Structure formats: structure tokens, C-alpha cells
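Secondary and tertiary structure notes
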Amino acid sequence: MTATTTTGRYSAVAMTLHWIIAFVLVYQLVLGFSLDGIPREERGAYMGVHKSLGITILLLSVLRLAWRLTHKPPPLPDDLKPWERMLSRGVHAGFYVLLIGAPLGGWAMSTASTRAPPVSFWGWFELPGLPVPESDALAKQLAVGHAAAGAIAVILIALHLAGVLKHMFVDGNDVLWRMVPGLKKPPSA
Ligand code: HEM
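Description of the structure in this document. (Residues numbered from 1 in each chain as written. Predicted model: local features only at pLDDT ≥ 70, side-chain atom pairs only at ≥ 80, totals over all residues. Heavy atoms only, no water.)

1. Some remarks on the coordination of the iron atom of the ligand
The following threshold applies: Each metal's donors are the N, O and S atoms within 2.8 Å of it, or within 3.2 Å when it is Na, K or Ca, and because water is not part of the set, sites may look incomplete. Irregular is the default label, applied whenever a site is not tetrahedral (four donors, all angles between 85 and 135 degrees) and neither square planar nor octahedral (four or six donors, opposite donors over 155 degrees apart, all other angles between 65 and 115). Under the scheme used here, helices are H or I runs from DSSP no shorter than 4 residues and strands are E runs no shorter than 2 residues, and both carry numbers assigned from the N terminus. Think of it in three bands: with a 1.4 Å probe and only protein chains considered, a residue is buried below 20% of the maximum accessible area for its type, exposed above 50%, and partly exposed in between.
In this structure, His 50 (NE2) and His 146 (NE2) serve as the protein donors to the iron atom of the ligand, at separations of 1.9 to 2.0 Å. Coordination at the iron atom of the ligand is octahedral: its six donor atoms span angles of 84 to 179° at the metal. Of the two residues, His 50 sits in helix H2 (residues 40-70) while His 146 sits in helix H4 (residues 136-171), which places them 96 residues apart along the sequence. On the accessibility criterion, His 50 (13% relative accessible area) is buried. With relative accessibility at 23%, the residue His 146 sits in the partly exposed group.

If you want it as C-alpha cells, here you go:
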């Protein structure tokens, strides 16, 4: 594993993947939770975007995990309490599980459904089905799990943002500076 970054900041690759995935995930969640409200005749197009975006998140998240496993991130700020360290590591690990598990679950749900068309990746090509049996009962169960994954994503994002805000405004440490390119290091950090 490559040595820790000398600046105490995340690497440019880690920052870039962090912000791309963050914005795409928020959009994906808003789209996902809006699907039920979209008129049936229009839903197909939105579902296509949802599935392509989901597979894009999967690819970027696998890339990000590979980078994370081969490039040590900067150590957590010294002033974090033991429970904050545990919670922070738990939320980060939770994001990796979700960012890979939710799209795989969606893909498996589409594969199992006898009514869903093959998953198309931005209309460029069709993905093979995942090795799951074709069964609407299974697709229904996976849909419940997928909706739960969406809810967990919202909770993780809320915890993550609450942590950042506390570190910025209560602790006054450099947590945000570590992940935002071009941000000036806070004088108190
Ligand atoms: C990070 C990636 C993803 C996230 C966060 C996500 C999130 C969601 C959410 C929140 C819903 C609404 C659940 C509900 O209220 O019932 C949903 C629905 C759905 N998603 Fe995803 N999704 C992702 C990726 C995918 C992928 C890759 C596919 C398929 C290839 C997919 C297929 C579907 C389908 C078919 C539905 C409708 C389910 C139903 O009719 O009950 N999703 N998704």
C-alpha cells in the first residue's frame, strides 16, 4: 500500500471520486424515490436512467474501493473522540457496502423479474443478467431490499453530513479541507 499522503489531505483521485459519487448518489436517490410518482407511460425512460446511473455508481465505487485499498488515506484528525472514530469508520465502510450492494441488488432484481427488459448501459450495450433465477417472487423480495438500501443511504448521508458540520463548527478541525480541493486550511486546524 502506498504511503499516507504527506499533506494530511486525501489524494486528488480520492477527492474526485468522492465528489462525483456523492452528487450522482444524491441524484440517484431522488430519482429512485420519485419513480413511483412518475406516470407509467414515462417511467420507462426514467427507469433506464436510474439503472444506467446505478451501474455507473457501481463501476466508480469499485474503482474507488480499489484506490482506497492501495492508497492509505490521511489519518483521522487527532481531536476525534473514540466513539467519533468508530462512527466515522462505520459510516465510511457502510458507504462502500451500500455503493456496491445497492446497484448489484437492483441489477439482480431486474434479472429476476420476468417483465423487466435486459439492463441497458446508457443505450450503448445490454448487460448480461446476474446469476439469479428468473422469479417474480424473488424480484419482489429484492425490491424490498433495494428500497431499504435507499433508506439506509439517506441515513448514512445524514450521519456523514452531521459529522462534517460538527467537526467544522464545533471542533473547528480540518475535516472538510482534507476532502475539498483548493480549500484553504482553517487557521485553527
Ligand atoms: C447506488 C445505486 C442505486 C440506488 C441508491 C438505488 C435506489 C433506489 C431507490 C431509493 C428506489 C425506490 C425504492 C422504493 O421506494 O420502492 C429504487 C427503485 C428501483 N431501482 Fe434502484 N437504485 C440503485 C441502482 C439500481 C440499479 C443498478 C438497478 C437495475 C439495474 C435498479 C433498479 C431499480 C428498480 C427496477 C426500481 C423499482 C423497484 C420497484 O418497482 O419497486 N436500481 N432504486
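2. Looking at the nonpolar core
What counts is decided by this rule: Definition of nonpolar core: a set of buried residues of the types Ala, Val, Leu, Ile, Met, Phe, Trp, Tyr and Cys, connected through side-chain atoms within 4.5 Å. Should any heavy atoms of two residues lie within 4.5 Å, those residues are counted as being in contact.
In terms of nonpolar packing, the biggest core is built from 17 residues, with Leu 25, Phe 95, Leu 98 and Leu 99 touching the most fellow members. Listed by contribution, the elements that provide at least two residues to this core are helix H1 (12-34), H2, helix H3 (82-112) and H4. Contacts of Leu 99, omitting those with residues within four sequence positions, involve Ile 21, Leu 25, Ile 57, Leu 58, Ser 61 and Arg 64. Of all hydrophobic cores here, the second largest spans seven residues; its members include Leu 58, Ile 100, Trp 107 and Leu 127.

3. Side note on the packing of aromatic side chains
Worth spelling out the cut-off: Any Phe, Tyr or Trp ring, taking Trp's six-membered ring, that has another such ring centre within 6.5 Å forms a pair; planes under 30 degrees apart are called stacked, those over 60 apart edge-to-face, and the others tilted.
Per the counting criterion, the structure on display carries four aromatic pairs. With a centroid separation of 6.2 Å and 35° between ring planes, the pair formed by Trp 19 and Phe 23 is classed as tilted. Of this pair, Trp 19 and Phe 23 both sit in helix H1, four residues apart, roughly one helical turn. Taken together, the ring pairs connect Phe 121, Trp 122, Trp 124 and Phe 125 into an aromatic cluster.

Keep in mind these numbers describe shape, not what the thing actually does.
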